[in-house]
Amino acid sequence: MIVDLKRIIGGTKIVRMTIHPTHASVDVPRKDDPEVYDSYDYRDGEVTGPRKGSTFDTPLVDLAKFNWNALPNLLKKAKQDLGARPPISHHLIVEPNYSFTSTKQVLLVYGSDEYGRGGYLVASPQGRVLKVVS
């Protein structure tokens, strides 16, 4: 997905990204107006967009600095530590400016069950768990 997005958006620097099991949404700063972003969607190997976004005041996130190979272990840890019961649904957010840890650019790994039990892990770009919120 990152490779496909990089080709379409012209790089790896984004405003924010949300990833679900079947699709993703990414906000990308406009090259001709870096105070605003456009949004793109990824589904079934296809990138669609752009849609007009909005203004933003957060730092950009470089997707190339994230260790995506750590994701399977983060999902496993979320399943074990968040108090949700199977079946568990997951989604991820690449967050540019998380306020509650010293590392501001983080990956939030959410896990919940059908009754809303669960929470999220806060992970560093390298994949180290910084905080568990459940």
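You'll find the structure just up there.
Residues numbered from 1 in each chain as written. Predicted model: local features only at pLDDT ≥ 70, side-chain atom pairs only at ≥ 80, totals over all residues. Heavy atoms only, no water.

(A) Main features of unusual backbone geometry. Of the consecutive residues G49 and P50, the connecting peptide bond is found in the cis state with omega at 15°. Within the secondary structure, P50 is located in strand β5 (residues 46-55). Omega for the bond connecting P86 with P87 falls within 30 degrees of zero, at 0°, which places this linkage in the cis form. Mapped onto the fold, P87 is located in the loop between α2 (71-81) and β7 (89-95). Although it is not a glycine, D44 adopts a positive phi angle of roughly 55°. (Helix = DSSP H or I, 4+ residues; strand = E, 2+ residues; numbered from the N terminus.)

(B) Examining the pairing of strand β10 (residues 129-133) more closely. Here strand β9 (residues 118-123) runs beside β10; their pairing, made up of four bridges, is antiparallel. Within the sheet, the bridge partner assigned to L121 lies in β10 and is V132. Joining the antiparallel neighbours β9 and β10 is a turn of five residues, in which G127 adopts a positive phi near 100°. (Pairing = 2+ DSSP bridges.)

(C) Expanded view of empty space enclosed by the protein. Using the criterion set out here, one finds one cavity of 30 Å³ or more in the structure. Approximately 30 Å³ is the volume found for the largest cavity. Split into classes, the residues belonging to the lining of the largest cavity amount to six nonpolar, four polar and no charged. (1 Å grid on protein atoms, 1.4 Å probe; cavity = no way out; pocket = protein on both sides within 12 Å on 5 of 7 lines; lining within 4 Å. Points joined across faces, edges and corners; volume = space filled by probe spheres on them. Nonpolar A, V, L, I, M, F, W, Y, C, P; charged D, E, K, R; others polar.)

(D) A look at the nonpolar core. Ranked by size, the top nonpolar core spans 24 residues in total, and within it I14, M17, V26, V94, L107 and V109 carry the most contacts. For this core, the secondary structure elements donating two or more residues are α1 (2-9), β2 (16-19), β3 (23-29), β4 (36-43), α2, β7, β8 (106-112) and β9. Among the nonpolar cores identified, the runner-up in size contains six residues, and V106, L108, Y120 and V122 belong to it. (Core = buried A, V, L, I, M, F, W, Y, C linked by side-chain atoms within 4.5 Å. Buried < 20%, exposed > 50% of the residue type's maximum accessible area, 1.4 Å probe, protein only.)

(E) Representation of the pattern of salt bridges. Enumeration according to the criterion identifies seven salt bridges in this entry. The partner of E95 in a salt bridge is R16, with the nearest N and O atoms 3.4 Å apart. Of the two residues, E95 sits in strand β7 while R16 sits in strand β2, which places them 79 residues apart along the sequence. The salt bridge partner of D38 is R30, with a shortest N-O separation of 2.9 Å. Here the residues in one salt-bridge network are R30, D32 and D38, joined through shared partners. (Salt bridge = Lys/Arg side-chain N within 4 Å of Asp/Glu carboxyl O.)

(F) Region of the structure containing the packing of aromatic side chains. Scanning the model with the defined rule gives four aromatic pairs in all. On the basis of an interplanar angle of 75° and a centroid distance of 5.5 Å, the ring pair of Y98 and F100 is categorised as edge-to-face. Residue classification places F100 among the exposed residues on the basis of a relative accessible area of 60%. Ring centres of Y110 and Y120 lie 4.9 Å apart, and the angle between their planes is 35°; on these two criteria the pair is classed as tilted. Within this pair, whereas Y110 is found in strand β8, its partner Y120 is found in strand β9, the two being separated by ten residues in sequence. Taking the relative accessible area as the measure of exposure, Y110 reaches 23% and is therefore partly exposed. According to the relative accessible area criterion, Y120 is buried, its value standing at 16%. (Phe/Tyr/Trp six-rings, centres within 6.5 Å; stacked < 30°, edge-to-face > 60°.)

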